[in-house]
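Survey of secondary and tertiary structure
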Amino acid sequence: MINITLPDGSVRQYPKGTTSLQIAQSISEGLARNVLSAKVNGEVWDATRPINTDATLQLLTWNDAEGKSTMWHSSAHLMAEALEALYPGAKFAIGPPVENGFYYDIDFGDKTFSLDDVEKVEAKMLELARNNSEYIRKDVSKADAVKYFTEKGDPYKLELIEGLQDGQITFYTQGNFTDLCKGPHIPNTGFIKAVKLLNVAGAYWRGDEKNKMLTRVYGITFPKDKELKEYLVLLEEAKKRDHRKLGKELELFTFSEKVGMGLPLWLPKGAALREKLEQFMRKAQTKAGYLPVVTPHIGNKELYVTSGHYEKYGKDSFQPINTPAEGEQFFLKPMNCPHHCEIYKSSPRSYKDLPIRYAEFGTVYRYEQHGELHGLTRVRGFTQDDAHLFCRPDQVKEEFCKVIDLVLYVFNALDFKDYTAQISLRDPENKAKYIGSDENWGLAEKAIIESAAEKGLKTVVELGEAAFYGPKLDFMVKDALGRKWQLGTIQVDYNLPERFQLEYTGSDNQKHRPVMIHRAPFGSLERFIAVLIEHCGGNFPLWLTPDQVAVLPISEKYNDYAQKVLSLLNISDIRGLVDDRNEKIGKKIRDNEMKKIPFMLIVGEKEEAEGKVAVRQHGKGDIGVMAIEEFAKHIEAIIENDFKQKLN
RNA sequence: GCCGAAGUAGCUCAGCUGGUAGAGCAGCUGAUUUGUAAUCAGCUGGUCGGGGGUUCGAGUCCCUUCUUCGGCUCCA
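All figures in this text were calculated on a predicted structure; none of them were measured in a lab.

1. Looking at the domain arrangement of chain A
For chain A, the assigned domains are domain 1 (2–61), domain 2 (66–229), domain 3 (272–536) and domain 4 (549–647). Its C-alpha centre places domain 1 at a distance of 62 Å from the equivalent point of domain 4.

2. Digging into the nonpolar core
By size, the foremost hydrophobic cluster in this structure holds 58 residues, and its most contacted members are Leu277, Leu414 and Leu473. Considering each element in turn, this core owes the most residues, 10 residues, to helix α13 (residues 396–413). Look past the residues within four positions of Leu277 in its chain and what remains in contact with it is Leu414, Phe522, Leu525, Phe528, Ile529, Leu532, Trp543 and Leu544. Of all hydrophobic cores here, the second largest spans 38 residues; its members include Leu83, Tyr104, Tyr172 and Cys181.

3. Some thoughts on the packing of α13 against helix α14 (residues 438–454)
Contact geometry for α13 and α14: axes closest at 9 Å, N-to-C directions at 55°. Here α13 lies oblique to α14, going by the angle between them. The way α13 lies across α14 gives a crossing that is right-handed. Along the contact surface, α13 presents Val396, Lys397, Phe400, Cys401 and Ile404, while α14 presents Ala447, Ile448, Glu450, Ser451, Ala452 and Glu454. Looking at the contact of α13 with α14, its residues break down into seven nonpolar, one polar and three charged.

4. Focus on the sheet that holds strand β7 (residues 55–60)
The mixed open sheet is built from five strands, whose spatial order is β2-β1-β7-β4-β5. The open sheet has two edge strands with one neighbour each: β2 (11–14) and β5 (43–46). The mean inter-strand angle of the sheet, taken between neighbouring strand axes irrespective of direction, is 40°. Contacts from helix α3 (residues 65–86) reach β4 (37–40), β5 and β7 within the one sheet, and its direction differs from that of β4 by about 125°.

5. Details of the pattern of salt bridges
The final tally for this structure, using the stated rule, is 44 salt bridges. Taking the shortest distance from any N to any O, the salt bridge between Lys124 and Glu127 comes out at 3.5 Å. With Lys124 and Glu127 both in helix α4 (residues 118–129), this residue pair falls three residues apart, about one helical turn. Taking the relative accessible area as the measure of exposure, Glu127 reaches 40% and is therefore partly exposed. In this structure, Glu398 engages Lys402 in a salt bridge whose closest nitrogen and oxygen atoms are separated by 3.8 Å. Of this pair, Glu398 and Lys402 both sit in helix α13, four residues apart, which is roughly one turn of the helix. One salt-bridge network, held together by shared partners, links Arg274, Glu278, Arg282 and Glu526.

6. Description of the side chain of Thr215
Inspection of the secondary structure puts Thr215 in strand β15 (residues 213–222). Using a relative accessible area of 17% as the deciding quantity, one classes Thr215 as buried. Among all residues touching Thr215, those that are not within four sequence positions of it are Tyr104, Asp105, Ile106, Phe108, Phe113, Val200 and Ala201.

7. Side note on the protein's contact with RNA strand B
Near RNA strand B there are 55 residues, and of these Tyr204, Met335, Glu372, Asn582 and Arg590 occur at the shortest range. Counting only atoms of RNA strand B within 4 Å of the protein, the fraction found in sugar and phosphate groups is 50%. The contact in question runs from a sugar or linking oxygen of RNA strand B to an N or O atom on the side chain of Tyr218, over 3.3 Å. Taking His374, its side chain carries an N or O atom lying 3.3 Å from a phosphate oxygen of RNA strand B.

8. Some points on the sheet that holds strand β21 (residues 329–332)
Reading across from one edge, β19-β21-β20 is the order of the three strands in this open sheet, with antiparallel pairing throughout. Strands with a single pairing partner mark the edges of an open sheet, and in this sheet they are β19 (298–300) and β20 (321–322). For β20 and β21, the ladder comprises two bridges, and the chain directions are antiparallel. The residue of β21 that forms the bridge with Asn322 is Gln329.

9. With respect to the environment of Lys196
Its place among the elements puts Lys196 in strand β14 (residues 194–204). Residues Lys196 and Phe222 lie 26 residues apart in sequence; the distance between their C-alpha atoms is 8.9 Å.

10. So, the state of the cysteines
On inspection of all chains with the given rule, the structure shows zero disulfides. The structure places no disulfide on Cys341, whose sulfur is separated from the nearest cysteine sulfur, that of Cys337, by 6.4 Å. Overall, the relative accessible area of 0% leaves Cys341 in the buried class.

Reading guide: rules and limits
- Residues numbered from 1 in each chain as written.
- Chains lettered and ligands numbered in written order.
- Predicted model: local features only at pLDDT ≥ 70, side-chain atom pairs only at ≥ 80, totals over all residues.
- Heavy atoms only, no water.
- Domains from an automatic or database assignment.
- Core = buried A, V, L, I, M, F, W, Y, C linked by side-chain atoms within 4.5 Å.
- Buried < 20%, exposed > 50% of the residue type's maximum accessible area, 1.4 Å probe, protein only.
- Helix = DSSP H or I, 4+ residues; strand = E, 2+ residues; numbered from the N terminus.
- Contact = heavy atoms within 4.5 Å.
- Axes fitted to C-alpha atoms, helices over the stretch in contact; angles between N-to-C directions.
- Parallel < 35°, antiparallel > 145°, perpendicular 65-115°, else oblique.
- Left-handed = near helix turned anticlockwise from the far one by under 90°.
- Nonpolar A, V, L, I, M, F, W, Y, C, P; charged D, E, K, R; others polar.
- Pairing = 2+ DSSP bridges.
- Salt bridge = Lys/Arg side-chain N within 4 Å of Asp/Glu carboxyl O.
- Near = heavy atom within 4 Å.
- Polar contact = N/O pair within 3.5 Å; in protein donor to acceptor, adjacent residues only side chain to side chain.
- Disulfide = S-S within 2.5 Å.

Put into structure tokens, the structure is as follows:
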């Protein structure tokens, strides 16, 4: 007998070789019907795999992330089975579960596979699923594994097997499909009741662009048709929050082929929003001791040779601008730091001056690959809320922690709760990609890890994600469709001060090298606003929104009064517009409601006579009549309260 | 840059197997002077992304190019 410890701490005894599924059955039939896999001693196993030792057991269902993951992994196999049946000769690479569903990378040979083809694959998958085929696990020797896939003619699987150790290779078979796989899988295909193949894309084999491009088919499955429908509705909702769509609808920004791809044009309302964010940041930075500086949009080639950017990105950036007479070369600035280094150098510095914090909303230009451009999140010209802190080595940690505070202040103010703090370190396998000494990298990485720990941030570590001159602490946020974007970033840099020969005179009257911290809480205004739009679905916080109120006269007779109302509100720093179109009030309400303007003030005969406004709140409707001043106070109170709540 | 898809009026979209463009909204003009999510009528507006080709004839078929979308690679 073996002892099985369940999550509630209870211990049950079963014969050796009992499966998780049988244990589930011994608890309840209903539970057994829903078990997808099980966590045995912390490892996710097939529910049908015999347990031979004492173990802790957690049964996994659709309600567990790992249960879903098992289901989706099995779904990838099912899709492969369907594809193999429909496209004989297709070769399979890898097919893992992902956050929302699964994919399989497939080599279709000469055939092209597009989204038009997915319907019949979905149908085939459902047909195969109804067979309730069991997923059967089998240990295979390396030689047998190689033999199987050699006969099948699948070079990708053979390459994968090469990297595996004999004795650790397993196959899974369901129906007519056998795959190299370590599992685990759901008991049988019958759990898969609803299938949707979402998109088809290219993906390089093993993620290397030198390799062949395979066809990646993304899909998702559900145990109930209803859940699929709900998911599709959710996707539709997310698409409505897409910043590219809302940016157009709310007249925030646009692009023009003539100006150039990836170069956003800010419309008045978008520019107003941007300006508010800039003001907010300027205020916060002034309080934190930053000094504003301004630098030009181009810089001499020598500047970037010194900084190392030329060597690293020279060929892959916008090509130089040549002067007509002197033959000098200038680059569009890809970063502000070299310019700021030169500002630091403009005057001798004493240890008493440090830290010096130079801040600039600096617009930079980077040549991004054509296929990578994406709305406002990936552009070729953007403005960073950049700053560079020059400090003594003993000040690094304190300054870094203060910057973390600032980033969190900004995120809180804008209700960005769902972020990941990512410590981006260099790839230890590929140090040639980076500049600077091991010693300096060590110091910088240590400073980041310690500061993040000191601030109690929950962090994930990503190797190979560092900047070429130093490690980073990045704040990652997801967009409406779940794509991750880097917003805020803080970087410790020992290298640029060396390259630029930055110095300060210490209390010992000797020259010392300062340490630089690069930081941008928003990251880029463009990307930040993109994510902000998607987070609030275009319903911006009252303090930020381009138009806070729309004054709607009942008829043209009250246009003058409406103007007067707006002027009075303007005095209290409330911004908005008068909708004096010759339309009925219902139409005006509808239109302004769709423009997501937070407050509508309806004014007619009664209001004019009493000097009041009838207030209608976006999404809520009529909230009553107020005096103009009362309404102004109401708005101010909301804004103040909002900040108080979020920033304590 | 790579794989796949798409590009028709300012916006959202229709246009079957090739027969010389259509709707709603927006805009303009007029009527109406309106009380909480679309007042009515009329009008304007498109070298169907650009270029080339096949054809008597191309929005529709072919080639090429640009841009956009979904991914991959990259991302200071």
